[in-house]
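Notes for the structure review
In case you want the letters, here they are:
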Amino acid sequence: MSAAFPARSALGGAPPHPETGRREFLSRILLRLTGGLSTLAALAPLPGYLRSARRDSDVGGTTDAGPLASLPTGTARVVPHRGRPALVVRLPDGPVAFRAVCTHLGCIVHWDGKRGEMRCPCHGARYDLSGRPISGPARGPLAPIPVAVEKGAIRLG
C-alpha cells in the first residue's frame, strides 16, 4: 500500500480522524469531572446530617438574648444559642423561646407577627405559640428553650 492511500480500518471503513480520539477523550474526561463534582456537591451536607447532634442538656450555660425592652410585644428575634439558632418571641405574658430549626428539613423558622405563629420559609410548615405544628410537613414540635428575665435581660437556659 502506498503513502498516497490512507490505511483502512479492519472493518473496511475509512480510518478515524486523528482529532476524533482527542475530542472523545476530552469529552469523557469533562463528563467524568462534571459528574464527580456534582456528586460531591450533592453529598456535601451528608456528614453534618449523619453526625450525631449534641442534645441541649449536654451543653451548659445560658445565652443573653438581649434586653427585654428591645423586643416589643408581638415581635421576635433569632439569636444563637448553644451553637444553634433560637427564636425568641415576646408574648403579652413574657418571652418564650424555641430552637429555630424546622423539624422537617432543618430550615430556620421565622416569626409571623400578623398571624401569631412561627413559619418555615422552605416548605411552609407552621407552628403555634407552643411550638406544635399546625400544618405543613413538620415532623414534630419545635424544641422549647427555658427563658428567664434577669435584670431586664432575656436569658436562655
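Here, the structure is the one placed above.
The structure reproduced in this document is the subject of the present report. Numbering of residues begins from 1 in every chain and follows the order in which that chain's sequence is written. Per-residue local features of the predicted model are confined to residues with pLDDT of at least 70, and side-chain atom pairs are confined, for both listing and counting, to 80 or more; whole-chain, interface and lining totals are unaffected and use all residues. In computing side-chain values, all of the structure's heavy atoms are included and hydrogens and water are not.

In this section: the environment of G113. Numbering goes from the N terminus for both helices and strands, where a helix is a DSSP run of H or I of at least four residues and a strand is a run of E of at least two. On the secondary structure map, G113 appears in the loop between β5 (110–112) and β6 (117–119). Only protein chains enter the accessibility calculation, which uses a 1.4 Å probe; a residue is then buried when its area is under 20% of its type maximum, exposed when over 50%, and partly exposed in between. For G113, a relative accessible area of 45% corresponds to the partly exposed category. Separated by 40 residues in the primary sequence, G113 and T73 place their C-alpha atoms 9.7 Å from one another.

Moving on to the nonpolar core. Note on terminology: a nonpolar core comprises buried Ala, Val, Leu, Ile, Met, Phe, Trp, Tyr and Cys residues joined through side-chain atoms within 4.5 Å. Judged by nonpolar contacts, the single largest core of 15 residues is most densely connected at V109, M118 and Y127. With 3 residues, strand β3 (residues 84–91) is the single largest residue contributor to this core. Throughout, a residue-residue contact means that at least one pair of heavy atoms, one from each residue, lies within 4.5 Å. V109 has contacts with V78, L87, A100, C102, R119, C120, P121, Y127 and L142, leaving out every residue within four places of it along the chain. Core analysis: the next-biggest nonpolar cluster, separate from the first, contains 10 residues, A65, L68, A97 and I145 among them.

On to the sheet that holds β5. Here, any two strands with at least 2 DSSP bridges between them count as paired. Judged by pairing direction, the sheet is antiparallel, and its 4 strands sit side by side in the order β5-β6-β7-β8 without closing on themselves. Looking along the sheet, the strands with just one partner apiece sit at the ends: β5 and β8 (133–135). Looking at chain direction, β5 and β6 are connected through 3 bridges and run antiparallel. Residue pairing for β6: D112 is matched across the bridge by E117.

A few words now on the sheet that holds strand β2 (residues 76–81). Spatially, the 4 strands line up as an open sheet ordered β2-β3-β4-β9, and their pairing is antiparallel. At either end of the open sheet lies a strand with only one pairing partner, and these are β2 and β9 (144–145). Inspection of the sheet shows strand β4 (residues 94–99) paired to β9 by 2 bridges, in the antiparallel sense. Across the sheet, the residue bridging to A97 is I145, located in β9.

By secondary structure assignment, the location of H81 is in strand β2. Nitrogen and oxygen atoms within 3.5 Å of one another constitute a polar contact, given that in protein one can donate a hydrogen and the other can accept it, and given that sequence-neighbouring residues count only through two side-chain atoms. Among the polar contacts listed, one links the side chain of H81 to the side chain of T63, at a separation of 2.6 Å. Residues in contact with H81, not counting those within four places in the same chain, are T63, A86, I145, L156 and G157.

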